[in-house]
Amino acid sequence: MGPVTTAVIAIAAVALGWCTIEIACKPCLEKGREAIDRGLNPDYDSDEQSTTAAAPLIAEASSGAEPATKSG
C-alpha cells in the first residue's frame, strides 16, 4: 500500500501546484493564451485592428471637427 499512497500524494501535489501557478500568474497567462489564439486564428488580421489611443483622433477626423491648436 506504500507505493500507491506515495503515487496518490505525488499526483495531488502536482495538481495543487498547477492550480497555484494558474491562480498566481492568471493575468500573464491570459495574455499569452490570447496571443496564441490570435496567432492560430486564420481570420485574424493585425492590420485591421485599430489602437485605442488613436480612436479619439479618428472620431474627430470623421466628424469634421477641427483639432484644437495652440495659439502662440
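What you see is a predicted model; the values in this text were computed from it and never measured.

Draft legend 1. View of the overall build of the chain. A tally of regular secondary structure across the chain gives three helices and zero strands. N-terminal to C-terminal, the α/β element order of the chain is α-α-α. For the chain, the residues scored as buried account for 0% of the 72 residues in total. As displayed, the chain offers around 6700 Å² of accessible surface, 65% of which is attributable to carbon and sulfur atoms.

Draft legend 2. Structural detail: the packing of helix α1 (residues 2–24) against helix α2 (residues 26–40). Packing of α1 against α2 leaves a shortest axis separation of 5 Å and a crossing angle of 85°. Judged by the angle between their axes, α1 and α2 are roughly perpendicular. Packed against α1, whose contacting residues are Ile21, Glu22, Ile23 and Ala24, the element α2 presents Lys26, Leu29 and Arg33 at the interface. Looking at the contact of α1 with α2 residue by residue, the classes come out as four nonpolar, no polar and three charged.

Draft legend 3. View of the pattern of salt bridges. Tallying each qualifying case throughout the model produces one salt bridge. We note a salt bridge from Glu22 to Arg33, for which the minimum N-O separation is 2.8 Å. With Glu22 in helix α1 and Arg33 in helix α2, this residue pair connects regions lying 11 residues apart in the sequence.

Draft legend 4. Examining the environment of Asn41 more closely. The residue Asn41 is located in the loop between α2 and α3 (55–63) in this model. A distance of 3.0 Å separates the side chain of Asn41 from the backbone nitrogen of Asp43, its partner in a polar contact.

Draft legend 5. View of the state of the cysteines. Applying the stated rule across the entire model yields zero disulfides. Cys28 takes part in no disulfide bond, and the closest cysteine sulfur to it belongs to Cys25, at a distance of 6.7 Å.

Draft legend 6. Geometry of the confidence of the model for the chain. Summing up the model confidence of the chain, the mean pLDDT is 80 and the portion of residues at 70 or higher is 67%. Averaged pLDDT values over the elements of the chain bottom out at 60 in α3 and peak at 96 in α1.

Thresholds, definitions, all that
Residues numbered from 1 in each chain as written. Predicted model: local features only at pLDDT ≥ 70, side-chain atom pairs only at ≥ 80, totals over all residues. Heavy atoms only, no water. Helix = DSSP H or I, 4+ residues; strand = E, 2+ residues; numbered from the N terminus. Buried < 20%, exposed > 50% of the residue type's maximum accessible area, 1.4 Å probe, protein only. Areas by Shrake-Rupley, 256 points an atom, 1.4 Å probe, with all protein chains shown as cover. Axes fitted to C-alpha atoms, helices over the stretch in contact; angles between N-to-C directions. Parallel < 35°, antiparallel > 145°, perpendicular 65-115°, else oblique. Contact = heavy atoms within 4.5 Å. Nonpolar A, V, L, I, M, F, W, Y, C, P; charged D, E, K, R; others polar. Salt bridge = Lys/Arg side-chain N within 4 Å of Asp/Glu carboxyl O. Polar contact = N/O pair within 3.5 Å; in protein donor to acceptor, adjacent residues only side chain to side chain. Disulfide = S-S within 2.5 Å. pLDDT = per-residue confidence, 0-100.

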